Amino acid sequence: MKVLILASLSQSLINFRGPLIASMLAEGHKVYCVAPDDEAAVDIQKLGAGFFKVPLSRSGLNPFSDLCYLTSLAILFKAIKPDCLLAYTIKPVVYGSLAARLAGIRNCYAIITGLGFAFMGETLKQKFAGLIAKMLYRLVLRYNHRIFFQNPDDMNDFLKSLLIRPAQAVLVNGSGVDLD
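Within every chain, residues take consecutive numbers counted from 1 along the sequence as written. Only residues with pLDDT of at least 70 are given local features in this predicted model, and only at 80 or more are side-chain atom pairs given and counted; all residues enter the totals for whole chains, interfaces and linings. Side-chain calculation: all heavy atoms of the structure are included, whereas hydrogens and water are not.

Every helix listed is a DSSP run of H or I at least four residues long, and every strand listed is a run of E at least two residues long, numbered separately from the N terminus. Within the protein chain, the regular secondary structure consists of eight helices and seven strands. This radius of gyration counts C-alpha atoms alone. The globule rule is 2.2 Å times how many residues there are, raised to the power 0.38. In terms of overall size, the protein chain behaves like a compact globule, its C-alpha atoms giving a radius of gyration of 16 Å where 180 residues would be expected to give roughly 16 Å. Under the scheme applied here, a residue whose accessible area is under 20% of the maximum for its type counts as buried, over 50% as exposed, and between as partly exposed, the area being computed with a 1.4 Å probe on protein chains only. The burial tally for the protein chain puts 43% of its 180 residues in the buried class. When the accessible surface of the protein chain is totalled, it reaches about 9,800 Å², and 58% of it is carbon and sulfur. In this tally, Asp and Glu contribute negative charge and Lys and Arg positive charge; neither His nor the terminal groups of the chain are included. Working definition for charges: the position is that of NZ of Lys, CZ of Arg, CG of Asp or CD of Glu. Computed over 19 positive and 13 negative side-chain charges, the separation of the two mean positions in the protein chain equals 12 Å. For every accessible area listed, the method is Shrake-Rupley and the probe measures 1.4 Å; residues are considered covered only by the protein chains on display.

Written as structure tokens, this is what we have:
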């Protein structure tokens, strides 16, 4: 199986998904990682996974920049033809899920690592960003098989806001430090 993991920072692929990547590779899967920077590209490749850099404005609200990111992802997804997408953090989840839909990838999964300032905003800009984020989540998460949450409050917020269906929600213990 070809698995594509989409992140907003390459170092997080090593710090938080390294054991998962190694486990998938040990099971015989091909793993491809995508991030907007290549700081951890060598470490990812040392694990045995492929790496692709796709530029992303992580915190910007420029629709043109986001459209370029979405287009680049869709082109890359069509070229790689993964069987499965796993995306985490808001922009990779939203635009990765949409790009997967455009590229014909049926098995999409998202990890909601936290709600961030967009959901808890007090300023007008933050409230607007939160409204847009909720609209985008509602639009794209319907196509995801499962959405993993690290926090029960976040999961309940998504369920109460009707952003996801109960059958999609999975609560996990987080992705912290491997104590072993």
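Having seen it, we continue.
Let us look at the pairing of strand β3 (residues 50–53). Any two strands between which DSSP finds at least two bridges are classified as paired. Alignment of strand β2 (residues 30–35) against β3, held across four bridges, turns out to be parallel. What sits directly across from Ala 35, in β3, is Lys 53. When the strands point away from the viewer and the path from the first strand over the helix to the second turns clockwise, the crossover is right-handed. For the segment spanning β2, helix α3 (residues 41–47) and β3, crossover handedness is right-handed.

Okay, the packing of aromatic side chains next. Ring geometry is summarised as follows: Phe, Tyr and Trp rings, the Trp one being its six-membered ring, pair when their centres sit within 6.5 Å, and such pairs are stacked at plane angles under 30 degrees, edge-to-face over 60 and tilted between the two. Taken as a whole and judged by the stated rule, the model has five aromatic pairs. Aromatic ring contacts, followed pair by pair, group Tyr 137, Phe 149 and Phe 158 into a single cluster. The residue whose ring lies beneath Arg 17 is Tyr 88, and the NZ or CZ to ring-centre distance is 4.1 Å. Criterion for a charge above a ring: Arg CZ or Lys NZ at most 6 Å from the ring centre, at most 35 degrees from the ring normal.

Core analysis: the largest hydrophobic core is formed by 37 residues, its most contacted members being Leu 6, Leu 73, Phe 77, Tyr 137, Leu 141 and Phe 158. No other element matches helix α4 (residues 63–80), which puts seven residues into this core. What we call a nonpolar core is a set of buried Ala, Val, Leu, Ile, Met, Phe, Trp, Tyr and Cys residues that are connected through their side-chain atoms within 4.5 Å. In this structure, Leu 25, Cys 33, Phe 51 and Leu 86 belong to the second largest nonpolar core, which totals 18 residues.

Functional significance is not addressed by these values, which are geometric in nature.
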